[in-house]
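Observations on the model geometry
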Amino acid sequence: MTYEKILFFIFAMSACGGALGVVLAQRVARMAFWLIISLGSVAGLYFMLHADFVAATQIIIYVGGTLVLLIFGIMLTATGPHVKIQTSPGELVMGAAVGLTLLFLIQGTVRSVDWNKAAMVTSGGEFQPGEGKGYNPTGQGNTIRPLGMALLGLRPDKDLGAPEEAGLSSGYLFPFEIVSIHLLVVLVGASYLARAKQRTRPTV
Amino acid sequence: MNFFPIATSIVDFLQESVGLTNGLAMALAALIHGSLLVGIFMGTPVVWIWGERKIAGRIQDRLGPTRVGGRFGWLQSVADGIKLIQKEDLVPPAADSMLYRMAPYMVCVAAFGTMMVLPFGETWVAVASDIGLYVLVAILSLEVIGIILAGYSSGSKWSLFGGMREAAQMVSYEIPLSLCAIIPITVAGSLNLVEITQLQSGWANNWLIFHDPFVLITFFVYFTVATASCKRAPFDLAEAESELVGGFHTEYSGMRWSFFFMGEYAAMFVVCAVASILFLGGWNSGIAPLDTALLEMRALSADGSFQPMSYLSNAIGMGILISKSWVLVFVQVWVRWTLPRLRIDQVMITCLKYLIPMSCFLFLGTILWPLLMYKMSDGGRTSFWAPKADRWAKPAVLVPVEDAETSQLILPNSTPVDTGELADVDRKVAGGTR
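Residues numbered from 1 in each chain as written. Chains lettered and ligands numbered in written order. Predicted model: local features only at pLDDT ≥ 70, side-chain atom pairs only at ≥ 80, totals over all residues.

Considering the domain arrangement of chain A
Its domain assignment divides chain A into domain 1 (1-83), domain 2 (88-114) and domain 3 (144-196). Taken over C-alpha atoms, the centre of domain 1 of chain A sits 20 Å from the centre of domain 2 of chain A. (Domains from an automatic or database assignment.)

Now the structure itself:
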């Protein structure tokens, strides 16, 4: 039992426990709290996969952004002190059916993959399980630079053939910018719709 | 990110000298590092609550605490702590008891979690991350959840209003905070706090604050925003003793109440430490010969062995960083007892109408500055100064790996292997004339 396994169990258990808490809790604010636990543990799992950018993004967007919005929504729309949600048995059955179907689908997919072979393929045949490659206490240059370069269309981790061929790749920057402008338009539209209507001058 | 790189030297020590197994050594080293950080986390409020009372006293022409623990009342924080522990742990009947109990811990955890990625020296960082600043800002943004939950779960109008105000203020001020933090990052070309500090070695003119006029202004904008996001005066109307009793923590008492303040003081220290890393040279002293000496001392343990001089160099660096941060914390305290409060609408207007456009303008200016420099100096350079340390400093401690051909243990000499070409590109863009 290595320490990675122990930490994986801790994070996985708290992710599942948080999810269960969301389902079983009655008060909406408590659901939000359990969702924080669950999403935070998933971020922990990302950290364990050395995907610190994804993990930090998970924290900043889902936990720090979406959940704050959720709690704001509860606070602004609440009619009583602690809002409760009562689930009807029909909804419970439907939810359980959808959840279990998804679980079986994912479980079947995961079991059908030969993970050792996949690890060999993705690492270019150099994969040796359980061996540390040595690590770098200053944490330099191993996450964000390849990501940023890929955004610009440079993939140093992949052989893209001839330079002129590789130069054709435009990267992900352009789609990214389009999505961000789309979001901005949505925000402006929402604030236009939501603002107080201007009082028109009464016609005599 | 490497998992548990904190433990490099201590793990080696525990494995080789003490003879523990790998997992046990790892766990023990993590425990030691965690305890050290908890010490810093708990020590900062103890020092600064006393400091704040003393400074406030002097500003208001009083003496401040004088009785507990000798002449300067330096045990006042400890006495306060003992008093707070003895108080009854109240939960109002109208409160959502679970969330009410959890909220102070969430604020504390958010403030404490940021220290995980905060480097105190070149190799003295609990979790070395390539995107340290991003992780730090992400964890710091969790503080607001604890505050909203505290306000909501108290079951009191004052708390709810205070929590709403506080949350609106903190969420709004996160935007200029992130924008201001991005500006030195565009100059340095890295999100890694260690690397950003390495760029600023040498004379003090290498500090990023003196890189160009835009960054100079950014520092002051950042400091204002950081003060506001720590809910310090003059931006502390959300706590508003006069109208909302105590804002989001109206219903809290005893230890749970003091957790909010521990979180606040720790967050003050963290944003000031980030300011000194991003703008004021971090653990670099600003005196070139001294910096060179410290770099040489640190380089002694480049082969992974333990060297007292390298340890001493890191300790001196940590002292320099903490002194710089404490000067900034002192300024925050000074401002609190000097300026009157802003109204809550003024707080929001300051952020949304002035600070965000200012930081956007500064961001644009900082991006254009290297191009301007490049034109003006006939394509010679993109910045005025050049740092003393290596742009890509060699990692100071490495774990030996097995060589594929000879199957001997060797030390990898450079870690960012894949990004070798990128380093050159980056050097031309960000490093100036090197």
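Back to the write-up after that little detour.
Here's the deal with the confidence of the model for chain A
All names here are of chain A. Of all residues in chain A, 74% attain a pLDDT of 70 or more, and the chain-wide mean is 78. The spread of mean pLDDT over the elements of chain A runs between helix α7 (residues 163-167), the lowest at 52, and helix α4 (residues 89-111), the highest at 91. In this model residues 127-141 is a low-confidence stretch, pLDDT under 50, and it forms 45 contacts with partners more than four residues away in sequence or in other chains. (pLDDT = per-residue confidence, 0-100. Helix = DSSP H or I, 4+ residues; strand = E, 2+ residues; numbered from the N terminus. Contact = placed C-beta atoms within 7 Å.)

Looking at helix α4 (residues 97-114) of chain B
Residues and elements named next belong to chain B. A rise of 1.5 Å per residue sets the reference length of α4, with its 18 residues, at 26 Å; its end C-alpha atoms lie 27 Å apart and thus fit the reference within 8%. Its axis deflected by about 30° at Ala103, α4 carries its strongest bend there, up to four residues before the proline Pro104. Burial within α4 is extensive, with 13 of its 18 residues counted as buried. (Expected span 1.5 Å × (residues − 1). Bend = angle between axes of the 7 residues up to and from the residue. Buried ≥ 20, exposed ≤ 12 C-beta atoms within 10 Å, placed from the backbone.)

A few points about the packing of helix α12 (residues 288-299) of chain B against helix α13 (residues 308-336) of chain B
Residue and element names in this part refer to chain B. Taken N-terminus to C-terminus, the directions of α12 and α13 make an angle of 135°; their axes are 7 Å apart at the nearest point. By the criterion of interaxial angle, the relationship of α12 to α13 is oblique. Considering how the two elements wind past one another, α12 and α13 form a crossing that is left-handed. Contact with α12, carried on its side by Leu294, Met297 and Arg298, involves Met309, Ser310, Leu312, Ser313, Asn314, Ile316 and Gly317 of α13 and no other residues of that element. (Axes fitted to C-alpha atoms, helices over the stretch in contact; angles between N-to-C directions. Parallel < 35°, antiparallel > 145°, perpendicular 65-115°, else oblique. Left-handed = near helix turned anticlockwise from the far one by under 90°.)

So, unusual backbone geometry
Residues and elements named next belong to chain B. Backbone geometry places Asp61, a non-glycine residue, at a positive phi of 60°. Tracing the backbone through its elements, the reader meets Asp61 in the loop between α2 (22-59) and α3 (76-86). Classification of Asp61 by C-beta neighbours within 10 Å gives exposed; the count is 6. Positive phi is not limited to glycine here, since Lys231 has a value of about 55°. Examined against the element boundaries, Lys231 turns out to sit in the loop between α9 (213-229) and α10 (241-244). A residue is classified by how many C-beta atoms lie within 10 Å of it, and Lys231, with 25 of them, is buried.

Considering the packing of α4 of chain B against helix α6 (residues 143-153) of chain B
Residues and elements named next belong to chain B. Interhelical geometry of α4 versus α6 gives an angle of 160° and a closest axis separation of 8 Å. As far as their axial angle goes, α6 and α4 are roughly antiparallel. α6 is crossed by α4, and the crossing has left-handed handedness. On α6, the residues touching Leu99, Tyr100, Ala103, Pro104, Met106, Val107, Ala110 and Ala111 of α4 are Glu143, Ile145, Gly146, Ile147, Leu149, Ala150 and Ser153.

Overview of the environment of Met75 of chain A
With respect to the helices, strands and loops of the structure, Met75 of chain A is situated in helix α3 (residues 52-77). Sequence separation between Met75 of chain A and Ala29 of chain A is 46 residues; the distance between their C-alpha atoms is 8.9 Å. Setting aside residues no more than four positions away along its own chain, Met75 of chain A makes contact with Tyr152 and Met164 of chain B.

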